[in-house]
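As a plain string of letters, each chain reads:
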Amino acid sequence: MTIRIGLPRGLLYYQYGSIWEKFLQELGAEVVVTGDTSKATLNCGSGLDEVCLPAKVYFGHINDLYKQVDYLFTPRIISVAAGQYTCPKIIGMPDMLRSNIDNLPPLIDVNLNLRQNSRSLYQAIITVGHMLGKNAISSLYAWYHAWQYRRMDQAIRYSKPNGQRIGLIGHPYIIYDRQISMNIIDKLNHFGIDVITPEMISNRQAAIAAKTLGKKIFWSNGDHMAGAALALIQSGQPVDGLIFITSFTCGPDALIGELVSQRAQALNIPCMLLTVDEHTAEAGFVTRLEAFTDMLIRRKQS
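This is a predicted model, so every value here is computed, not measured.

### Notes on the overall build of the chain
Within the chain, the secondary structure is distributed over 14 helices and 10 strands. Since a compact globule built from 302 residues should have a radius of gyration of about 19 Å, the 20 Å found for the chain is in line with a globular shape. By the burial criterion, 50% of the 302 residues in the chain qualify as buried. Contacts in the chain between residues at least 24 apart in sequence constitute 72% of all its contacts with a sequence separation of at least 6. Total accessible area on the chain is roughly 14,500 Å²; 50% of this is exposed by carbon and sulfur atoms. Taken as two groups, the 28 positive and 25 negative side-chain charges of the chain have centres that lie 8 Å from each other.

If you want it as structure tokens, here you go:
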């Protein structure tokens, strides 16, 4: 009988989900991925206190999924780069799930910590394979095959010839979740805006630009976001404006947003901060987008 493994569509799924799904399939598992976030998903997760909106959404996806599968794939991603960490809520998510949901199936919560040990990834791959009855060689081959098929489905460039160019800076799990972001990319596209996200900036470009801050950012996603924003506004053809979208209660983003805003202001590039939570009204959200894009158009025409 084929093992069914649940893969929630939230948090780091938007960066690594396609690889994880292919890897588990290569190991012979049937992978069950939740659908797009809905209002019901969000409402289900809103019962959690003192966590950010993306964490609540992830919790809602788990609730939709856990009764249908034999395992839940919830790896404990501690670090994906030397000298850096991921978000504490991402690191502690497996513990949060066990504390708040009864009768969970077994969690595949292998540790991945590349901060000090580059072999951690291979150890995690082999551990997952052993849980599914595969040996080390088969597990490593499955990961290699999955990596060959990696893709970033969400990084879609919305091109508008001779239109305004806006850098939309935020975590992939905010930008590409249509419920959390209120479909911001399509809304900006409707206004005739060419949207550029951090995933469209190479790691090398972002890393070089981030060094101009003078101090290393210890959160890996935040480091890339800041570097991508700086790369966009310091290039030979800078964007016309920046939108920094974040979730309420996210401490690292509050710091990074301020650093980016200060640098944009120094270069005379408009920057708007959008903060979302489960109470954010779409009407007010759209009004702010319209006002910002109208300002950019008038600014370019003047």
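Still more to cover.
### A closer look at helix H14 (residues 282-301)
Compared with the 28 Å implied by 1.5 Å per residue over 20 residues, the 29 Å span of H14 between its first and last C-alpha is a close match. By the burial criterion, the buried members of H14 are Phe285, Leu289, Phe292, Thr293 and Leu296. Down the axis of H14, the buried side of the element spans an arc of 90 degrees, and every buried residue falls inside it. Turned more than 90 degrees off the buried face of H14, the exposed positions are Ala283, Arg298 and Gln301. Turning to H14, the residues buried within the fold contact strand E7 (164-169), helix H9 (178-181), helix H10 (184-190), strand E8 (193-196), strand E9 (241-247) and strand E10 (271-276).

### Thoughts on the confidence of the model for the chain
Per-residue confidence for the chain gives a mean pLDDT of 88; residues scoring 70 or more make up 95%. Counting contacts from residues 151-161, a segment whose pLDDT is below 50, to residues more than four positions away or on other chains yields 24 contacts.

### Some points on the sheet that holds E7
Pairing within the open sheet is parallel, and its 4 strands lie in the order E8-E7-E9-E10. Taken across any chain shown, the strands that pair with only one partner, and hence form the sheet edges, are E8 and E10. Going from strand to strand, the sheet's axes swing by 25 degrees on average, the running direction of each strand aside. Of the strands in this sheet, E7, E8 and E9 are in contact with helix H12 (residues 220-234), which crosses E7 at around 165 degrees.

### Re the domain arrangement of the chain
Domains assigned within the chain are domain 1 (4-153) and domain 2 (165-301). Taking only C-alpha atoms, the centre of domain 1 and the centre of domain 2 are 26 Å apart. Taken residue by residue, the interface counts 23 residues in domain 1 and 21 residues in domain 2. Carbon and sulfur atoms supply 60% of the area buried between domain 1 and domain 2, which totals about 1,900 Å² over both sides.

### Here we look at the packing of H12 against helix H13 (residues 251-266)
Where H12 contacts H13, the two axes come as close as 10 Å, and the packing angle between them is 10 degrees. As summarised for this structure, H12 and H13 are arranged roughly parallel, according to the angle between their axes. Taking contact as the criterion, the partners of Gly222, Met225, Ala226, Ala229, Leu230, Ile233 and Gln234 in H12 are, on H13, Asp253, Ile256, Val260, Arg263 and Ala264. Residue composition of the contact of H12 with H13, grouped by class: 8 nonpolar, 2 polar and 2 charged.

Calculation rules
Residues numbered from 1 in each chain as written. Predicted model: local features only at pLDDT ≥ 70, side-chain atom pairs only at ≥ 80, totals over all residues. Heavy atoms only, no water. Helix = DSSP H or I, 4+ residues; strand = E, 2+ residues; numbered from the N terminus. Rg over C-alpha atoms; globule rule 2.2 N^0.38 Å. Buried < 20%, exposed > 50% of the residue type's maximum accessible area, 1.4 Å probe, protein only. Contact = heavy atoms within 4.5 Å. Areas by Shrake-Rupley, 256 points an atom, 1.4 Å probe, with all protein chains shown as cover. Lys, Arg positive; Asp, Glu negative; His and termini not counted. Charge placed at Lys NZ, Arg CZ, Asp CG, Glu CD. Expected span 1.5 Å × (residues − 1). Arc of directions from axis to C-beta. pLDDT = per-residue confidence, 0-100. Pairing = 2+ DSSP bridges. Axes fitted to C-alpha atoms, helices over the stretch in contact; angles between N-to-C directions. Domains from an automatic or database assignment. Buried area = accessible area lost by both parts, 1.4 Å probe. Parallel < 35°, antiparallel > 145°, perpendicular 65-115°, else oblique. Nonpolar A, V, L, I, M, F, W, Y, C, P; charged D, E, K, R; others polar.

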